[in-house]
Amino acid sequence: MSYFEDFVPGQSARSRSLDVSQDDIIAFASRYDAQDFHVDPEAAKASFVGRLIGSGWHSCALLMRLTAEDFLLDAASMGAPGIDEVKWLRPLLPGDSVSARRTVLESKASRSRPEMGLVRFRLELLNQRDEPVLEQTNWIMFGRQGSAIGRHPAGPWLDHAPVYERPAIESPLEASSEPPEPPRFFEELSVGESSELGSFLFTPEEIVAFARSFDPQPFHMDEAAARRSSFGRLAASGWHTAAVWMACMVLHRKRQLAVASDRPARLGSSPGFRNLRWTKPVFAGDRITYHSQVIDKRESASRPQWGLFFHRNTGINQHGEEVFSFDGCVFVERKPD
């Protein structure tokens, strides 16, 4: 059992490895990131990346699963308030064998809550060649030794393989009521423009289906265990909230393509994101509506036919409360001469 005091700056450890198949990549992306280069091996050949690759959100979800297995389920973990930064450094490929490496960067006791402390980690997802697929930095909260915060209850939390399986009863993505506009080239994007992407009802079935594969902490998987936790009731994984944002973004993109009369601007991959915050829990029964706003754009020196645009993304619950936000960026095609 690990407490706040057990995480010493400079300490490093490595998890087990898990194999990732093409079917695994397609299963996740079909639900959460159904772009051609994640779901269709043939169409992927003509895409920005040139071959089938895993969704960046899939790589984040696998890192979460390995982290939970490696130490979170055997620690006085109290969750994470957000993610400082994620860098997607290499694509997740069919046939990769990935593992997680954690390094403690710093720690600090909480001033307002003496029973807990915060530990800042660098978490890396490494492939079979020890190359980083992604690098993530964030704080995690832990109970202190002698506090009432203890081990997670025993249960079948790791019985399910880290492969996404849809629930028997699916919650549909709901499209925005706003009429879509055709996709815009880099030059046509306006800083400040905002779009509603869609909404999603987080049912118990959806919450558990995601958590059992990627975030198997009891308060995401079992109502009784959740009532005994700091959440008080079944709550969605933060990574589930983020993955649904991506699903709504893809839905929004498909609606844009459907109204395009000329060849539409293509989107490329994303190098990562910053400042992801889970400001309020997402509980079973919550409907989250997602929005995206262009906040900046710049030309790409390495890819002159492409530009980068930066966007601020939010999720709002049915009470008008922001539950989720992050700053992202993605490549977008420049207008042909």
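Report follows, based on the coordinates. (Residues numbered from 1 in each chain as written. Predicted model: local features only at pLDDT ≥ 70, side-chain atom pairs only at ≥ 80, totals over all residues. Heavy atoms only, no water.)

Topic: the nonpolar core
What counts is decided by this rule: The term nonpolar core refers to a set of buried residues drawn from Ala, Val, Leu, Ile, Met, Phe, Trp, Tyr and Cys, joined through side-chain atoms within 4.5 Å. Buried residues are those whose accessible area, probed at 1.4 Å on protein chains only, stays under 20% of the maximum for their type, while exposed residues exceed 50% and partly exposed ones sit between those limits. The way it works is that DSSP assigns letters per residue, a run of H or I at least four long becomes a helix, a run of E at least two long becomes a strand, and they are numbered from the N terminus. We call two residues contacting when some pair of their heavy atoms lies within 4.5 Å.
Counting 73 residues, the largest nonpolar core has W57, F142, W239 and F273 as its most contacted members. Considering every element that reaches this core, the biggest residue donor is helix 8 (residues 238–258), with 10 residues. Those residues in contact with W57, other than ones at most four positions away along the chain, are F28, D33, W88, W239, A242, W245, M246, F273, L276 and F326.

What to know about the pattern of salt bridges
We count it as follows: The term salt bridge refers to a side-chain nitrogen of Lys or Arg lying within 4 Å of a carboxyl oxygen of Asp or Glu.
Under the criterion given, the structure shown has 26 salt bridges. For the salt bridge of E69 with R16, the shortest nitrogen-to-oxygen distance reads 2.6 Å. Of this pair, E69 sits in helix 4 (residues 56–70) while R16 sits in strand 1 (residues 12–19), and the two are 53 residues apart along the sequence. You can call E69 partly exposed: its relative accessible area is 22%. Residue R16 is classed as partly exposed on the basis of its relative accessible area of 41%. Its salt-bridge partner being D327, residue R312 comes within 2.9 Å of it at the nearest N-O pair. Remark: D327 occurs in strand 11 (residues 322–333) and R312 occurs in strand 10 (residues 306–316); sequence separation between them is 15 residues. You can call R312 partly exposed: its relative accessible area is 30%. Salt bridges sharing common partners tie together D84, E106, R120 and R277.

What about the sheet that holds strand 2 (residues 82–88)?
Test applied: The rule for pairing is simple: two strands pair if DSSP sees at least two bridges between them. Angles shown run from 0 to 180 degrees and are taken between the N-to-C directions of axes, each axis being a line fitted to C-alpha atoms and, for helices, limited to the stretch in contact.
Read across the open sheet, the 11 strands follow the order 1-3-4-5-2-8-11-10-9-7-6; overall the sheet is antiparallel. Here the strands that pair on one side only, and so sit at the sheet edges, are strand 1 and strand 6 (173–175). Ignoring strand direction, the axes of neighbouring strands in this sheet form an average angle of 20°. Bridge count for strand 10 against strand 11 is 11 bridges, and the pairing is antiparallel.

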